[in-house]
Amino acid sequence: MKSIINKSLLFFLYIIILCCSCHKQQVVEDVVLAENSQINEEYVITPRKPLIHENRKITQKEYEEIKEYLPELIEGEDLGNGWYLYEIHFEDINGVFYQRFYQSYGNLFLKYRKEDYYFCNSGVIYFPITEVLYLYKQNDDFKLLGKKDITGIYDNKNNLKLKCPETANAIAGYTSQDLFEYPFSNHLCLKKDDFTLYPCDTFGNINIDYKNNTLTAISMAEILDYALREK
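Here the structure is a predicted model, which means the values were calculated and not measured.

### Details of the sheet that holds strand 5 (residues 117-121)
Ordered in space as 1-5-6, the 3 strands form an open sheet in which the pairing is antiparallel. Looking at the sheet topology across the chains shown, the edges are occupied by strand 1 (58-59) and strand 6 (124-126). Bridge analysis of strand 1 against strand 5 gives 2 bridges, and the strand direction is antiparallel. Considered in strand 5, the bridge of Ile58 is made with Tyr118.

In structure tokens, the structure reads:
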């Protein structure tokens, strides 16, 4: 009888020791996990802002990965089939030219095609626009004033008014940001090589023939010549 009691006591003592050992092991594991978690929090590597090279071509995929570090991109409404529509409001823009346009036609609409890559210049994100139609609305219908593409500027009857400069096929298109801010100037986007693009000065200005509701254009050479003669 005494032997049985001793064995029972030993069994219960073993169970108690086993439970204590398991609890101690669990406590040790919890402490280790907590320490590891704290270490991971202290030494977590935060994402670094990517190096964005000036005028380096940025593909659509690369743009999606780094766009949070770039200024907001202006594109307008996607019409499908490669066309976009961007409306420019002139009512609050000072300047005789813009106000006359607004009083005659209302706002300007740019319907354009673009390349699906980008580049950054002086903190501004650009993309090349290869063709743009100048439109205004009349009775809710779009009316064409003219267009420009990488070959030149055309009136509303598709007559060439001002040819693009000869650049040995280096023209990628018109620089988007400049076009949206100054729609009647003609800053080009040029390819220096397969990887690099850069904006260049305007090659001429667009004017409006209000009598015939069409575009006209004047080259920078003519503008400078006129300015020198005025002096």
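### A few points about the pairing of strand 9 (residues 152-155)
Strand direction decides the pairing type here: strand 8 (residues 141-149) and strand 9, joined by 4 bridges, are antiparallel. Bridging from a neighbouring strand, Lys147 pairs with Tyr154 of strand 9. In this structure, the hairpin formed by strand 8 and strand 9 is closed by a connection of 2 residues. When strand 9 meets strand 10 (residues 160-163), the two strands line up antiparallel, connected through 3 bridges. Within strand 10, the residue paired with Tyr154 across the bridge is Leu160. Joining the antiparallel neighbours strand 9 and strand 10 is a turn of 4 residues, in which Asn158 adopts a positive phi near 65°.

### Description of the layout of surface pockets
Within this model, the largest pocket holds a volume of roughly 180 Å³. Looking at the largest pocket, the residues that line it are Ile150, Thr151, Lys163, Cys164, Pro165, Glu166, Thr167, Ala168, Asn169 and Ile171. Split into classes, the residues belonging to the lining of the largest pocket amount to 5 nonpolar, 3 polar and 2 charged.

### Section: the environment of Ile223
You can see Ile223 is positioned in helix 5 (residues 220-230). For Ile223, a relative accessible area of 24% translates into the label partly exposed. The spatial distance from the C-alpha of Ile223 to the C-alpha of Asn205 is 8.7 Å, given a sequence separation of 18 residues. Those residues within four positions of Ile223 in sequence are excluded, and the remaining contacts are Asn205 and Ile218.

Parameters and conventions
- Residues numbered from 1 in each chain as written.
- Predicted model: local features only at pLDDT ≥ 70, side-chain atom pairs only at ≥ 80, totals over all residues.
- Heavy atoms only, no water.
- Pairing = 2+ DSSP bridges.
- Helix = DSSP H or I, 4+ residues; strand = E, 2+ residues; numbered from the N terminus.
- 1 Å grid on protein atoms, 1.4 Å probe; cavity = no way out; pocket = protein on both sides within 12 Å on 5 of 7 lines; lining within 4 Å.
- Points joined across faces, edges and corners; volume = space filled by probe spheres on them.
- Nonpolar A, V, L, I, M, F, W, Y, C, P; charged D, E, K, R; others polar.
- Buried < 20%, exposed > 50% of the residue type's maximum accessible area, 1.4 Å probe, protein only.
- Contact = heavy atoms within 4.5 Å.

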